[in-house]
Amino acid sequence: MLLIRPPGVYPPQGDTELLISSLRREPLGPTSRVLDVGTGTGAVALAAAGSGARVTAVDLSGRAVAAAWLNTRLHRRRVRLRRGDLLRPVAGQRFDLITANPPYVPVDDAADAPGRGPALAWDAGRDGRLVLDRICREAPRLLAPGGVLLIVQSSLADVPATLTALRRSGLRASVAARRRQAFGPVMTARAGLFERLGLIAPGERAEDLAVVRGVRER
């Protein structure tokens, strides 16, 4: 998919592709309400809009929202875009499908705070769960009965913790897809940190990506 990506906007990568492949297995149509959290270039939102669904996309970065707007025009897709912190711009609304590709890269920092600049798209606190845990708490409240939540993350950010958190929020949770891939530049630069934390074996330079699927019972 041809996408406009200004500097500082997260480029679609293997995690984006895995999330889109999982999204395409969901039964979407013109009446489906879809929310894409942390939309970046809008790649996942555009894939959902291709099914005819009514799509809302949110990102904290103004540059990302602008890029997503340009890409909706480029591909002639209708997507409602909102700038804001995770789910706050859509508080009180209900969706049949929520997708999220949040920051999940552990960072060697004394303070658990979001990254700055481009790092906002990947830095996620010391355990990689700074944003994941918020989504697991907040997103289930916005699901309609029978609604589905799809979250893509790295195995370095504790997939079992995501499953547990979603189940505590009342969802039926499972791993819907997996893919192993070599580290990209950000992960490679932090490989030494991951080794010290025991997240990877010495010399290991690959991670498992997973899409976790949570379903709200009807």
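Quick caveat, the model's predicted, so the values are computed rather than measured.

Draft legend 1. Structural context of the environment of Ser174. As for its placement among the helices and strands, Ser174 is situated in strand 6 (residues 171–182). Residue classification places Ser174 among the partly exposed residues on the basis of a relative accessible area of 37%. Remark: the alpha-carbon pair of Ser174 and Pro145, spanning 29 residues in sequence, is separated by 18 Å. Discounting residues that sit within four places of it in the chain, Ser174 has contacts with Leu163, Val211, Val212 and Arg213.

Draft legend 2. Summary view of the side chain of Asp123. In this fold, Asp123 is placed in the loop between strand 4 (95–100) and helix 4 (132–138). By relative accessible area, Asp123 is classed as buried at 10%. In this structure the side chain of Asp123 is engaged in a polar contact, spanning 2.7 Å, whose partner is the side chain of Arg190.

Draft legend 3. How the structure looks around the environment of Arg88. Examined against the element boundaries, Arg88 turns out to sit in the loop between strand 3 (79–83) and strand 4. Residue class for Arg88 comes out exposed when judged on its relative accessible area of 61%.

Draft legend 4. Main features of the pairing of strand 5 (residues 143–154). For strand 5, the buried fraction is high: 10 of the 12 residues fall into the buried class. Of the pairings in the sheet, the one linking strand 4 to strand 5 comprises five bridges and is parallel in character. Bridge pairing links Leu97 to Val148 in strand 5. Sheet topology note: the strand 5/strand 7 (residues 206–216) ladder contains seven bridges and is antiparallel.

Draft legend 5. Local environment of the nonpolar core. Core analysis: the largest hydrophobic core is formed by 62 residues, its most contacted members being Leu35, Val55, Ile98, Leu149, Ile151, Leu166 and Phe194. Aside from chain neighbours lying at most four places away, what touches Phe194 is Val105, Pro106, Leu156, Phe183, Met187, Leu199 and Ile200.

Draft legend 6. Molecular detail of the pattern of salt bridges. Under the counting rule described, the total for this entry stands at 13 salt bridges. A salt bridge links Arg33 to Asp96, with the nearest nitrogen and oxygen atoms 3.1 Å apart. Highlighted residues: Arg33 in strand 1 (residues 33–37) and Asp96 in strand 4, separated in sequence by 63 residues. A cluster of three or more residues bridged by salt bridges with shared partners is formed by Asp85, Arg88, Arg134 and Glu138.

Draft legend 7. Examining the pairing of strand 4 more closely. Counting buried positions along strand 4 gives five out of six residues, so the element sits mostly inside the fold. In terms of strand pairing, strand 1 meets strand 4 through four bridges, oriented parallel. When the bridges of strand 4 are listed, Leu35 appears paired with Ile98.

About the cut-offs
Residues numbered from 1 in each chain as written. Predicted model: local features only at pLDDT ≥ 70, side-chain atom pairs only at ≥ 80, totals over all residues. Heavy atoms only, no water. Helix = DSSP H or I, 4+ residues; strand = E, 2+ residues; numbered from the N terminus. Buried < 20%, exposed > 50% of the residue type's maximum accessible area, 1.4 Å probe, protein only. Contact = heavy atoms within 4.5 Å. Polar contact = N/O pair within 3.5 Å; in protein donor to acceptor, adjacent residues only side chain to side chain. Pairing = 2+ DSSP bridges. Core = buried A, V, L, I, M, F, W, Y, C linked by side-chain atoms within 4.5 Å. Salt bridge = Lys/Arg side-chain N within 4 Å of Asp/Glu carboxyl O.

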